[in-house]
Amino acid sequence: MQLLLIHSDYIEYEVKKSTPVAEKIEESFRSGRLDEALTAFIAVEKVDESGVDEVINKALTEIRNVAGQVKAENIMLYPYAHLSSDLSSPKIAVSVLKGIEKELSGEFNVKRAPFGWYKAFRISCKGHPLSELSRSIVPEGGPVSCGEAIAVTDEKEEVVSEALKAESTAKSYWHILTPDGELHSIDDFDFKGHENLQKFVNYEISKQRAVERAPPHVELMRRLEIADYEPGSDSGNMRYYPKGRLIKSLLENFVLEESYKVGAMEVETPLMYDMEHPTLKKYLDRFPARQYSIESDKRHMFLRFAACFGQFLMNHDMTISYKNLPMKMIEMTRYSFRKEQRGELVGLRRLRAFTMPDMHSLCTDMEQAVAQFDAQYNMCIGVLDKVGIKVDDFEVAVRFTREFYEDNRDFITNLAKTVEKPVLVEMWDTRFFYFVLKFEFNFVDALAKASALSTVQIDVENAERYDINYIDTDGTAKKPVILHCSPSGAIERCIYGLLEKEAMNSENGGVPMLPLWLSPTQVRIIPISEKHMDFALQVAEKLDYRVDIDDREDTVGKKVREAGREWVPYVVVVGDKEVETGNITVTVRSESEPNKPKKVQMTLEELNARIGSEVRGMPYKGLPLAQLLSARPRFL
RNA sequence: GCCUCGGUGGCUUAGGGGUAUAGCGCGUCCUUGGUAAGGACGAGGUCGCGGGUUCAAAUCCCGCCCGAGGCUCCA
């Protein structure tokens, strides 16, 4: 069903001429008018025939919902065939319209325009934000658009699909699940000791999102010369300075390495796709709004918003045996593009072009998929932990259908046990999305805003849609269950999380810094005067990590201050004393307090060993900028 | 789409009918300094764009563009 809702000052109609399918009407029915009315233009479609009652119920939910929001007491039901090119039989259509009319007539003043007549009508749309809305309603089990294919591993409101439309009609049951397996209602749950979860719940359910200042990471990303807005591009497309590029690159490599460890094959797929491709066309014809589109000669392309497209199309062409399953594929999408609305973009939190690891696992059946889900849940915890975002820094949301829960109760409980804290649960009576089970780890920032990082979903639809098969033991082709997984979430969002975390740390009287393996400068050497430069160079030579030298003509005090502002983890001042002994005094940022630097005497070997043990197993790259600070340009 | 605020040298910013502050940064020089900003001098701006009012507009008025935040919305 296609539903177009117009909140109007008035709507009036008058029948002109009957069509062959016209319903018989009384004289009084030939014209009608309602003032201050919500008009529902309705086209009943072929697919609705498979679930008439359900479609009626969904339509009622929509209409009641909107009528409530705009405070309309009068409702005009107006059959409007032109909203769809695939109409139901007239008989069904009339029964649906009458069904809706009957249900609404108790609560509202309802009129229904006659079906099957050419009618003249006049309407005066109010023009406020809620005054014009359209909805598509599809019965469960009916064909759905291929759009869910592109569904997303990044965050809930970006899940792209028919399912999203259905979301407004989907009834969500919210709970808090504690590690003991108890499902608590949100209202009764005592959030003492779980303040972040409270914030997350407020954000997610109560939609408390107002905030009075810019997020702290925006200033930090610029001051630390990580990333910046690029006025020459579209909003939400950032530029990354050398330090930011280093951090991103290390994070990207790290997530890829972790994926290789669990057996994922890295692939690369195109950034743009043809809108006319048969598998994608239907979806894109219907919902052209959210992606960048590109005219290329005569072809009309769009930019991907995840790697699902490319990988599923690749899977479709592959020959896959049950012996190959579970089969994992990953791509570090640089970039995924989503044309988010202007006002939704913020710093590194929400972008229009972002880097997201997107891994898909093909599994033989639900049992294997659930086992994989469990393994990947734990993998995601480990990945974020090493990135520097600990279990305490995020809140877990688990979303599933009631049916899945009843079949897998212990499994779900175990998810809360694993993180040893209560998690937010969203449960649906019926499956509106392409997945039956999903989790996300949500970072709650300095302003109590939540955003999803890692996520895994069990997808039970797209193997069918993309016609992806594997050959089972008996020689027949079967459809796999597919897991979507973003082990870390968007890379930019990890950086945002780290910066926000340190901003909070700083506000609480801590000394902010990035994890050592991500710090652009790991050791800063400050020679006291020019005559100590030789020694400084020797020290730099003997250290194995990213070491730079502040050789600028400034006072020692100023250089120390600047090293602090850059969050340099180890600062070494060298002068006559060091030249004499050959040993160094190191200011250790991680053990310092504001205005109370922690200084430790050590040898170069000891410093090397100390850094080595802290960054063991993590990716490494050399300095992203000149070693001598005097040779570095300023980026802002 | 709506609301608020903003657009002045590379950055941050003051001011506001008579073409303009200051700090940082940058350059030159002095200082060769031991853990959170040493000093002096200098270069650098048609005050977002277009129109209007005026003897005179960066300043007032109108329109537009761009940015930040919020709201709303979001296949």
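Residues numbered from 1 in each chain as written. Chains lettered and ligands numbered in written order. Predicted model: local features only at pLDDT ≥ 70, side-chain atom pairs only at ≥ 80, totals over all residues. Heavy atoms only, no water.

Student: Account for the packing of helix 6 (residues 242–261) against helix 9 (residues 366–387), naming residues and giving values.
Tutor: In the contact formed by helix 6 and helix 9, the axes pass within 11 Å of each other and the chain directions differ by 150°. With respect to their mutual orientation, helix 6 and helix 9 come out roughly antiparallel. The interaxial crossing formed by helix 6 with helix 9 has right-handed handedness. Contact residues: Leu251, Phe254, Val255, Glu258 and Ser259 in helix 6; Met379, Val383, Lys386 and Val387 in helix 9. In terms of residue class, the contact of helix 6 with helix 9 is made up of six nonpolar, one polar and two charged. (Axes fitted to C-alpha atoms, helices over the stretch in contact; angles between N-to-C directions. Helix = DSSP H or I, 4+ residues; strand = E, 2+ residues; numbered from the N terminus. Parallel < 35°, antiparallel > 145°, perpendicular 65-115°, else oblique. Left-handed = near helix turned anticlockwise from the far one by under 90°. Contact = heavy atoms within 4.5 Å. Nonpolar A, V, L, I, M, F, W, Y, C, P; charged D, E, K, R; others polar.)

Student: With reference to specific residues and values, describe the sheet that holds strand 24 (residues 523–527).
Tutor: Here we have five strands laid out as an open sheet, ordered 25-24-26-27-28, and mixed in their pairing. What marks the edges here is a single partner per strand, and that holds for strand 25 (547–549) and strand 28 (599–602). This sheet shows a mean twist of 25° between the axes of neighbouring strands, independent of strand direction. Relative to strand 28, strand 27 (residues 584–588) runs antiparallel, the two being bridged by four bridges. Across the sheet, Ile584 pairs through a bridge with Met602, a residue of strand 28. (Pairing = 2+ DSSP bridges.)

Student: Tell me what's going on with the pattern of salt bridges, and back it up with residues and numbers.
Tutor: Using the criterion set out here, one finds 36 salt bridges in the structure. Notably, a salt bridge pairs Glu101 with Arg112, separated by 2.9 Å at the nearest N-O pair. Here the residue Glu101 occupies a position in helix 2 (residues 90–105), and Arg112 occupies one in strand 4 (residues 109–112), the gap between them amounting to 11 residues. The class for Arg112 is buried, based on a relative accessible area of 6%. Through salt bridges with shared partners, a single ionic network connects Glu225, Lys243, Arg524, Asp548, Glu566 and Arg632. (Salt bridge = Lys/Arg side-chain N within 4 Å of Asp/Glu carboxyl O. Buried < 20%, exposed > 50% of the residue type's maximum accessible area, 1.4 Å probe, protein only.)

Student: Any chance you could break down the domain arrangement of chain A for me, citing the residues and the numbers?
Tutor: How big an interface is tends to be stated in terms of accessible area lost as the parts join. What the domain assignment lists for chain A is domain 1 (2–136), domain 2 (171–182 + 195–205 + 214–267 + 304–498) and domain 3 (516–631). Put simply, the middle of domain 1 and the middle of domain 2, counted by C-alpha atoms, are 40 Å apart. (Domains from an automatic or database assignment.)

Student: Give me the sheet that holds strand 17 (residues 394–401): which residues, what numbers.
Tutor: Ordered by their spatial adjacency, 10 strands build an open sheet running 8-7-18-17-19-20-23-16-15-11, and the pairing between neighbours is mixed. At either end of the open sheet lies a strand with only one pairing partner, and these are strand 8 (183–185) and strand 11 (265–266). Relative to strand 16 (residues 353–363), strand 15 (residues 327–337) runs antiparallel, the two being bridged by 10 bridges. Bridge pairing links Ser336 to Phe354 in strand 16. Packing of helix 6 onto the sheet brings it into contact with strand 11, strand 15 and strand 16, and relative to strand 15 it is tilted by some 160°.

Student: Go over the UniProt feature "binding site: Zn(2+)" (unreviewed entry) in chain A with me, naming the residues and quoting the values.
Tutor: Listed under "binding site: Zn(2+)" (unreviewed entry) in the UniProt record, and renumbered for this structure, are Cys308, His360 and His484. Maximum C-alpha separation among the annotated residues is 8.4 Å over a sequence range of 177 residues, consistent with a single clustered spot. Relative to the helices and strands, His360 is located in strand 16. Ignoring sequence-local partners within four residues, the contact set of His360 consists of Ala307, Cys308, Gln311, Phe312, Met327, Lys328, Met329, Ile482, Leu483 and His484. Within polar-contact distance, the side chain of His360 engages the side chain of Gln311 at 2.7 Å. (UniProt positions renumbered as here; feature names shortened; annotations may be inferred. Polar contact = N/O pair within 3.5 Å; in protein donor to acceptor, adjacent residues only side chain to side chain.)

Student: Summarise a positive patch on the surface; cite the residues concerned and give the values.
Tutor: Residues Lys558, Arg561, Arg565 and Arg634 make up a contiguous surface patch of positive charge. By the element assignment, Arg634 lies in the segment after helix 17 (604–615). The exposure class of Arg634 is exposed, given its relative accessible area of 62%. (Patch = residues over 30% accessible without salt bridge, like charges linked within 9 Å, V, L, I, M, F, W, Y side chains within 5 Å. Areas by Shrake-Rupley, 256 points an atom, 1.4 Å probe, with all protein chains shown as cover. Lys, Arg positive; Asp, Glu negative; His and termini not counted. Charge placed at Lys NZ, Arg CZ, Asp CG, Glu CD.)

Student: Outline the nonpolar core, listing residues and values.
Tutor: Residues Leu437, Ile525 and Leu607 are the most contacted members of the largest nonpolar core, which totals 118 residues. Looking at this core, the element that brings in the most residues is helix 9, giving 10 residues. Domain assignment of the residues forming this core places at least three in each of domain 2 (171–182 + 195–205 + 214–267 + 304–498) and domain 3 (516–631). Apart from residues no more than four positions distant in its own chain, Leu607 is found in contact with Val523, Leu543, Tyr570, Val572, Ile584, Val586 and Met602. (Core = buried A, V, L, I, M, F, W, Y, C linked by side-chain atoms within 4.5 Å.)

Student: Before we move on, can you summarise the packing of helix 5 (residues 216–223) against helix 13 (residues 491–507) with the specific residues and values?
Tutor: Two elements in contact, helix 5 and helix 13, have axes separated by 9 Å at closest approach and are oriented at 105°. In terms of orientation, helix 5 lies roughly perpendicular with respect to helix 13. Of helix 13, the residues touching helix 5 (which contributes Pro216, His217, Leu220 and Met221) are Tyr496, Leu499, Glu500 and Ala503. Classifying every residue of the contact of helix 5 with helix 13 gives six nonpolar, one polar and one charged.

Student: Any details on the packing of aromatic side chains? Residues and values, ideally.
Tutor: Inspection of the entire model under this criterion finds 27 aromatic pairs. On the numbers, 5.1 Å between centres and 45° between planes, the contact of Tyr241 with Phe635 is tilted. One end of the pair, Tyr241, is in the loop between strand 10 (238–240) and helix 6; the other, Phe635, is in the segment after helix 17, and 394 residues separate them in sequence. For Tyr241, a relative accessible area of 6% corresponds to the buried category. Plain terms: the ring middles of Phe312 and Tyr466 are 5.2 Å apart, the flat faces sit at 65° to each other, and that makes the pair edge-to-face. Note that Phe312 is positioned in helix 8 (residues 308–317) and Tyr466 in the loop between helix 12 (462–465) and strand 21 (470–471), a separation of 154 residues in sequence. Residue classification places Phe312 among the buried residues on the basis of a relative accessible area of 0%. Judged by relative accessible area, which is 4%, Tyr466 ranks as buried. Taken together, the aromatic side chains of Phe373, Tyr377, Phe394, Phe411, Phe439 and Phe441 make up a single cluster linked through ring pairs. Above the face of the Tyr173 ring, Arg402 is positioned so that its terminal group lies 4.9 Å from the ring centre. Positioned above the aromatic ring of Phe394 is the side chain of Lys421, whose terminal nitrogen or guanidinium carbon lies 5.6 Å from the ring centre. (Phe/Tyr/Trp six-rings, centres within 6.5 Å; stacked < 30°, edge-to-face > 60°. Lys NZ or Arg CZ within 6 Å of the ring centre and 35° of its normal.)

Student: I'd like to hear about the confidence of the model for chain A, residue by residue, with values.
Tutor: Close reading of the predicted structure is inappropriate where its pLDDT is low. Confidence along chain A averages 85 in pLDDT terms, with 90% of residues attaining 70 or more. Confidence metrics for the complex model read pTM 0.77 and ipTM 0.86. (pLDDT = per-residue confidence, 0-100.)

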